[in-house]
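Single-letter residue listing:
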Amino acid sequence: MEFKTIIEPFKIKSVEPIKITTAEERKVFLERARYNPFMLQSDEVMIDFLTDSGTSAMSANQWAGIMIGDESYAGSKSWDHMHTTIKDLTGYHHILPTHQGRAAERILYSVLGGKGKVFLSNTHFDTTRANIEYTGASAIDIPIPEATHPKDYHPFKGNMDIEKLEKLVREYKPENIGAVILTVTNNSGGGQPVSMQNAKEIHSVCSKYGVRFILDCCRIAENAYFIRHREKGYENKTYKEIAHEMFALADGAVMSAKKDALVNMGGFLAIEEQKLFEQCSSLLIITEGFTTYGGLSGRDMEAIAIGLKEIFEPDYLLYRIKSTAYLGEHLDKMGIPLMLPIGGHAVYIDAKEFYPQIPVEQYPGQALVCELYLKGGIRAVEIGSVMFGKYDENHKLIHAPMELVRLAIPRRVYTQSHIEYVIEVFGKIIEGREKVRGYEITYETAFLRHFTAEFRKL
Ligand code: F0G
């Protein structure tokens, strides 16, 4: 017997209260945060869709693992557990633990980067780009053309443009390519999946020119779900087999375990090359910690090892992908312009289309983020020109290709009635949409400005 309703495949054992706030209170909180939700206190937020990173609810098994975490400085059993699990999943020989994804990125890209080097990706995540550019290298995004058309359907909108890849490798010369980075799923491009076919084609181009192929695999289980259900030939493979096959096409991977590994902190770097591993190990020891803990506690490593297994459970992945789609499909029906199809970890709204009266220089995405907070206490993040905008020599904004707002859904945290509430808030957001105005930045930093930028309402 089949049922229409997909239930959360877990029971709640421990709860965290949500403080219910009023619109008047939220107005004061947001003003104090200078209209940047990153500056809000968490108890000022009712539904926190800022990120799916480090916000997962751990399982009873993971909490049990916390208790048996081995805190030895060297040779920790928990590291052994994490190491074996990652080796088994990725097939790579050399693995380094890091405190989160960007630590792995900083280590790898400072060895591979530097002035004159070029990195090519379906889309560099903001910390990836920042870590690359910080070394003096450049980061070029080459998503497929469909990726920037929110309404057009493509089953694998996260794919990389293979023609452009080959053209750019030749143009910049293979020896100057730091790495080709495939981000799965493509977070900044709308949480869209990447097909195995695309990974195979990247592998061929990289092998042909002798260029390194790195996976940014922080949502690889969610990506595997889409491959199994959308790509021919994968219907009967397990999610883990699919992920394993993708790892086998690349030369290494960086992972923020704060996403698909269902933990609150952690990451790793996994590579095949011995020399590169030695260079990265030295950097790890200088700034993160010894190679058997890399900035993590034994208990964190135990929880990662367990989380990396739970994430491939079919009932979990079905619930995860379908519950994200549930929110997306309801918003779509209400006429909210979305990035379609709905991705794995988040629903992305096309704020430029939602607020046509707000020019990109006045950040329509930021306006929507502020409205969501003011109307419903929902915290979301702008993924547009606040996050990716740059200035030309005359201080004119070079805007991002899209003005998106991301509703990132923490794993195993919110129930269906929380989502029903969010849908209801969107009803209110639609009502007054033509009166909403944009914002101006009054303070910003040179790198990753969105975290600390301050805004003024226009
Ligand atoms: N790569 C991708 C694709 C990411 O989404 C992130 C983080 C990182 C790397 C960096 O990992 O945070 O552990 O250092 N994304 C979070 C987000 C912050 O909200 O999407 P980290």
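A short tour of the structure in this document, coming up. Within each chain, residues carry numbers counting from 1 in the order of the written sequence. Reporting of local features is limited, given that this is a predicted model, to residues whose pLDDT is at least 70; pairs of side-chain atoms are given and counted only at 80 or more, and all residues count toward the totals for whole chains, interfaces and linings. For the side-chain quantities, the full set of heavy atoms in the structure was used; hydrogens and water were omitted.

**Looking at the site of the ligand**
Rule in force here: One heavy atom within 4 Å of a molecule or strand makes the whole residue count as near it. Pairs of N or O atoms within 3.5 Å make up the polar contacts considered here, provided that, within protein, one atom can donate a hydrogen while the other can accept it, and that residues adjacent in sequence are counted only when both atoms are side-chain atoms. Accessible areas in this description were obtained via Shrake-Rupley with a 1.4 Å probe; residue shielding takes into account the shown protein chains only. Strands here mean DSSP runs of E at least two residues long; helices mean DSSP runs of H or I at least four residues long; both are numbered from the N terminus. The residue classification treats Ala, Val, Leu, Ile, Met, Phe, Trp, Tyr, Cys and Pro as nonpolar and Asp, Glu, Lys and Arg as charged. All others, Gly included, are polar.
As a structural note, the neighbourhood of the ligand is formed by 17 residues, with Thr51, Arg102, Asp216, Ser256 and Lys259 the closest of them. In the model, an oxygen atom of the ligand is placed 2.6 Å from a nitrogen or oxygen of the serine 256 side chain. Between the ligand and lysine 259, the relevant distance is 2.9 Å, taken from a nitrogen atom to a side-chain nitrogen or oxygen of the residue. A total of 460 Å² of accessible area belongs to the ligand in isolation, and the protein chains cover 94% of it. Sort the elements by how many residues they give to the shell around the ligand and helix H4 (residues 101-112) lands first, with three residues. Each residue belonging to the shell around the ligand can be placed in one class, and the counts come to two nonpolar, eight polar and seven charged.

**Side note on the state of the cysteines**
Defined as follows: Criterion for a disulfide: a pair of cysteine sulfur atoms within 2.5 Å. Classification of residues uses two cut-offs on accessible area relative to the type maximum, computed with a 1.4 Å probe and protein chains only: under 20% is buried, over 50% is exposed, and between them is partly exposed.
Throughout the structure, instances matching the rule amount to zero disulfides. Cysteine 217 carries a free sulfur, and the closest cysteine sulfur to it, the one in cysteine 218, is 7.1 Å from it. In this structure cysteine 217 comes out as buried when scored by relative accessible area, which is 0%. Of all cysteine sulfurs in the structure, the one in cysteine 217 sits closest to cysteine 280, which takes part in no disulfide; the separation is 15 Å. Taking relative accessible area as the criterion, cysteine 280 reaches 0% and is therefore assigned buried.

**Some details on helix H6 (residues 162-172)**
Here is the rule: Working note: the arc is built from the helix axis to C-beta atom directions. We call two residues contacting when some pair of their heavy atoms lies within 4.5 Å.
Here H6 has its buried residues at Ile162, Leu165, Glu166, Leu168 and Val169. Looking straight down H6, one finds its buried side chains confined to an arc of 165°; they lie on one side. Counted as exposed and oriented over 90 degrees from the buried face of H6: Glu163, Lys167 and Arg170. For H6, the secondary structure elements touched by its buried residues are strand E3 (118-121), strand E4 (138-141), strand E5 (177-183) and helix H7 (196-209).

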